[in-house]
Amino acid sequence: MIKAFPLLLLFAVFLSCKETKQKDTTQLPRADADFNPNLSSNKSLVNTSESPYVKLQALGINEVKLNEGFWAERLQTCTETMIPEMWSIYSDAERSGALRNFEIAAGLKAGKHKGAPFHDGDFYKMVEAASMAYAVTKDERFNRMIDEVIPLFKASQRADGYIHTPVMIDLKNNPEKAQEFRERLDFETYNMGHLMTAACAHFKATGKTELLDLAKNATDYLYDYCQKYPEKLAGNAICPSHYMGVVEMYRTTKDPRYLELSKQLIDIRSMLKDGTDHNQDRIPFREQTKAEGHAVRATYLYAGAADVYAETGDPSLKEALDKIWENMTGTKLYITGGAGALYDGVSPNGTSYKPSEIQQVHQAFGREYELPNAGAHNETCANIGSALWNYRMFQTTAEAKYANLLETTLYNSVLSGVNLNGKGYFYTNPLSNSQGLPFNLRWPNVRQDYISKSNCCPPNAIRTIAEIGSYLYSKNSEGLWFNMYGSSEAKTKLGEEEIQLTQKTNYPWNGEVNISISAAPANEKQLHFRVPDWCNNATVYVNGQEIKNSTTPSSYLSLSQKWKKGDQITIVMDMPVQLIEANPLVEHTRNQVAVRRGPLVYCLEANDLKKGQSLSEVIIPADITLKPEKMTIANSEIVCLTGMALSSQNQWGDQLYQPLNAKNSQTPVKLIPYYAWANREEADMAVWLPLAR
């Protein structure tokens with residue numbers, strides 16, 4: 001579509017540059033005397049290479065290559081299907097305003113803004129995904145896709161760095177309404193934040209600075225605005241992706257003003273007089289102890305605060321993050337890693353009991369232990385926000401508990417948001433689906449190729465999968481950490497010494513991982529292997545010899561020696577089928593169990609029951625034996641679990657209650673990984689199943 005207007009596009013860019021020259025230069029981005037013009041050469045997705053308060057760094061996006069197996073297959077689906085098809089939809093003006101809004105803002109087309117106000121941010125996520133796809137495939141089509149839209153972004157940016165297509169379009173159509181930050185739900189800072197992270201990823205993937213320059217202009221604009229109108233800016237931190245974005249801009253450009261801004265963005269939240277639990281700004285961030293309010297806004301805030309801590313070491317930030325994390329994981333998180341139980345609710349912590357003053361919360365965390373199943377919201381973006389937060393907490397602390405939750409979330413409540421074929425997406429991720437309910441839920445339990453009401457989750461899932469290689473390993477000068485297992489090649493430096501290795505595994509289907517070292521450091525270095533929280537026994541072999549080393553669930557098993565080329569390391573993790581029960585305070589799952597094997601949570605889908613059998617009839621015996629078996633769903637090979645369960649004899653019509661029928665019979669069951677549900681004909685599904693003790 002863009003290729004059809006090259007001359008118009010160049011003319012629009014020319015006008016944009018000409019307008020910039022005619023503007024008051026005091027509003028233009030400035031170069032401070034202490035600004036370091038040398039951009040960081042580090043290519044880590046989240047660059048903590050010079051962060052003073054972290055224990056670990058990520059490997060560069062060019063240092064990990066996925067070869068085969070689970071994550072390589074997901075990545076291939078992402079690069080071959082997800083990115084091209086979503087980009088095509090975003091380029092189709094009949095379906096989406098993503099590209100067309102920039103064309104209108106740039107002066108290439110006439111018209112009105114189409115879609116949600118955060119649509120710009122969704123498009124930037126796709127640019128980030130395409131940048132990462134180029135980094136791992138070197139396929140020039142991704143490079144061309146991005147190169148074609150950068151001039152549109154440039155022509156849509158105001159001279160002072162402000163960029164937001166709803167306002168820029170209003171400048172052309174309704175100048176009297178064209179005002180920045182007129183409404184906090186306009187998502188300006190959210191959009192700019194995703195521009196920043198996309199620009200940093202693009203620079204690391206390509207070495208080009210055109211998009212980074214636009215992001216610098218936007219960051220400069222926020223810096224200046226924050227000095228003039230801090231309270232106004234604090235009130236417009238909705239889904240604050242710009243917290244992460246500003247910190248990554250600091251790490252990439254080394255401009256100290258951006259570090260200053262990142263600290264201010266946290267501090268100014270305490271200036272608000274009309275804050276809400278819904279937006280996590282009713283009380284100052286440093287005084288918060290619970291995960292509350294809109295779950296996407298919350299997890300983005302927590303991830304951003306973790307980034308600020310990594311650069312400043314502010315203990316009050318870490319103290320708040322620790323308390324919030326314990327509250328979320330101990331009382332408000334789903335077994336799948338899903339975050340945000342409620343579609344609509346009320347804050348339990350408002351200051352008044354008057355009905356007119358009760359604060360609404362939306363797409364939010366509920367009360368402690370409030371974890372419904374069919375109505376579970378678990379927005380894919382919130383689950384991704386949790387993954388972003390846990391990854392940053394892990395880099396800061398090197399504690400396995402954060403890597404455990406990162407893995408659980410990615411395998412279950414993030415992957416569940418995407419079809420196996422990469423062509424459909426969920427906004428929400430419930431833990432049960434019943435077609436018998438006599439009402440419609442707000443969000444359908446059928447994946448859609450484009451979620452017209454709010455398409456923020458699909459591009460978020462796409463960029464996350466495109467970046468999956470960045471989560472496998474971490475390092476410092478003394479050693480290498482294996483955080484998530486997947487067949488891959490890694491080549492990096494530990495301090496000044498190079499290490500290169502190949503990992504082969506069929507994880508998550510079994511727990512054996514084989515490492516072959518092809519280039520070794522000259523000095524003694526450490527290799528740290530994560531023992532997941534579900535693994536009670538792990539055995540390690542070096543060159544065929546068992547290493548007597550005690551292992552503890554949710555920890556890292558460390559090997560320290562002088563490695564050499566050809567060394568072989570094997571770690572074998574027991575991967576039993578486990579029946580999991582919830583705290584009895586979770587009344588929605590009382591006397592029920594979920595099934596887990598390795599990092600995967602399983603579910604029962606009615607497609608796999610006998611004809612005419614209802615999912616509600618199935619009861620899981622406490623002594624059930626479930627065996628792993630291979631099967632295929634939507635051309636994707638998975639491992640299901642089969643065994644003999646019980647089936648109740650109750651027959652339900654439309655009555656609400658009836659006497660107990662204690663007669664049960666045996667019935668075969670087949671459970672599939674939760675992420676794979678809803679890839680066949682629509683059917684009932686449940687993660688939590690009744691238990692017979």
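Whatever comes next refers back to the structure up there.
Here the structure is a predicted model, which means the values were calculated and not measured. (Residues numbered from 1 in each chain as written. Predicted model: local features only at pLDDT ≥ 70, side-chain atom pairs only at ≥ 80, totals over all residues. Heavy atoms only, no water.)

Let us look at the overall build of the protein. Secondary structure assignment for the protein yields 16 helices and 24 strands. A burial count over the protein gives 60% of its 693 residues as buried. Taking all contacts inside the protein whose residues are at least 6 apart in sequence as the whole, residues at least 24 apart take part in 72%. Counting only carbon and sulfur atoms, one obtains 48% of the accessible surface of the protein, whose full area is about 27400 Å². Side chains of the protein carry 72 positive and 79 negative charges; the gap between the two charge centres is 2 Å. (Helix = DSSP H or I, 4+ residues; strand = E, 2+ residues; numbered from the N terminus. Buried < 20%, exposed > 50% of the residue type's maximum accessible area, 1.4 Å probe, protein only. Contact = heavy atoms within 4.5 Å. Areas by Shrake-Rupley, 256 points an atom, 1.4 Å probe, with all protein chains shown as cover. Lys, Arg positive; Asp, Glu negative; His and termini not counted. Charge placed at Lys NZ, Arg CZ, Asp CG, Glu CD.)

On the surface, a nonpolar cluster with roughly 240 Å² of combined accessible area is contributed by Leu437, Phe439 and Leu441. Residue position: Leu437 is located in the loop between strand 5 (432-433) and helix 16 (457-466). Given the relative accessible area of 33%, Leu437 is considered partly exposed. (Patch = residues over 30% accessible without salt bridge, like charges linked within 9 Å, V, L, I, M, F, W, Y side chains within 5 Å. Salt bridge = Lys/Arg side-chain N within 4 Å of Asp/Glu carboxyl O.)

Moving on, we get to the packing of aromatic side chains. Per the counting criterion, the structure on display carries 34 aromatic pairs. The rings of Phe70, Trp71, Tyr411, Tyr485, Tyr507, Trp509, Trp534 and Tyr675 are connected pair by pair, giving a single aromatic cluster. (Phe/Tyr/Trp six-rings, centres within 6.5 Å; stacked < 30°, edge-to-face > 60°.)

Turning next to the nonpolar core. The biggest cluster of nonpolar side chains holds 222 residues, and the ones touching the most others in it are Ile83, Phe123, Phe285, Trp389, Ile569 and Val687. Look past the residues within four positions of Trp389 in its chain and what remains in contact with it is Thr299, Tyr302, Ala303, Ala306, Leu321, Ile324, Trp325 and Met328. (Core = buried A, V, L, I, M, F, W, Y, C linked by side-chain atoms within 4.5 Å.)

Mapped onto the elements, Asn378 comes out in the loop between strand 4 (360-364) and helix 14 (380-397). Overall, Asn378 belongs to the buried group, its relative accessible area being 0%. Each residue touching Asn378, except ones within four places of it in the same chain, is listed here: Tyr334, Gly338, Ala339, Gly340, Asn383, Tyr427, Thr428, Asn429 and Leu431.

What follows is about the packing of helix 2 (residues 70-90) against helix 4 (residues 119-137). Interaxial distance between helix 2 and helix 4 falls to 10 Å at its minimum, and their mutual angle equals 145°. Judged by the twist between their axes, the crossing of helix 2 over helix 4 is left-handed. Where helix 2 abuts helix 4, its residues Leu75, Thr79, Ile83, Met86, Trp87 and Tyr90 lie against His119, Asp122, Phe123, Met126, Val127, Ala129, Ala130, Ala133, Val136 and Thr137. Class assignment of the residues belonging to the contact of helix 2 with helix 4 gives a composition of 12 nonpolar, three polar and one charged. (Axes fitted to C-alpha atoms, helices over the stretch in contact; angles between N-to-C directions. Left-handed = near helix turned anticlockwise from the far one by under 90°. Nonpolar A, V, L, I, M, F, W, Y, C, P; charged D, E, K, R; others polar.)

In this section: the pattern of salt bridges. The tally for this structure, following the rule as stated, stands at 34 salt bridges. With a shortest N-O distance of 3.7 Å, Lys401 and Glu399 are connected by a salt bridge. Classification of Lys401 as partly exposed rests on a relative accessible area of 27%. For Glu399, a relative accessible area of 35% puts it in the partly exposed group.

A word on helix 12 (residues 295-312). Because each turn of an α-helix spans 3.6 residues, side chains separated by three or four positions in sequence point in the same direction. Spanning 18 residues, helix 12 covers 25 Å between terminal C-alpha atoms, matching the ideal 26 Å at 1.5 Å per step. Remark: Gly313 follows helix 12 within two positions and exhibits a positive phi of approximately 70°. (Expected span 1.5 Å × (residues − 1).)

Here we come to the sheet that holds strand 8 (residues 488-494). In spatial order, the strands read 2-8-9-10-15-12-13; together these seven strands make up an open sheet with antiparallel pairing. The sheet is open, and its two edges are formed by strand 2 (64-66) and strand 13 (545-547), each paired on a single side. Strand-to-strand, the axes of this sheet are offset by a mean angle of 20°, without reference to chain direction. By the bridge criterion, three bridges tie strand 2 to strand 8 in an arrangement that is antiparallel. Across the sheet, Lys65 pairs through a bridge with Glu489, a residue of strand 8. (Pairing = 2+ DSSP bridges.)

Keep in mind these values describe shape, not function.
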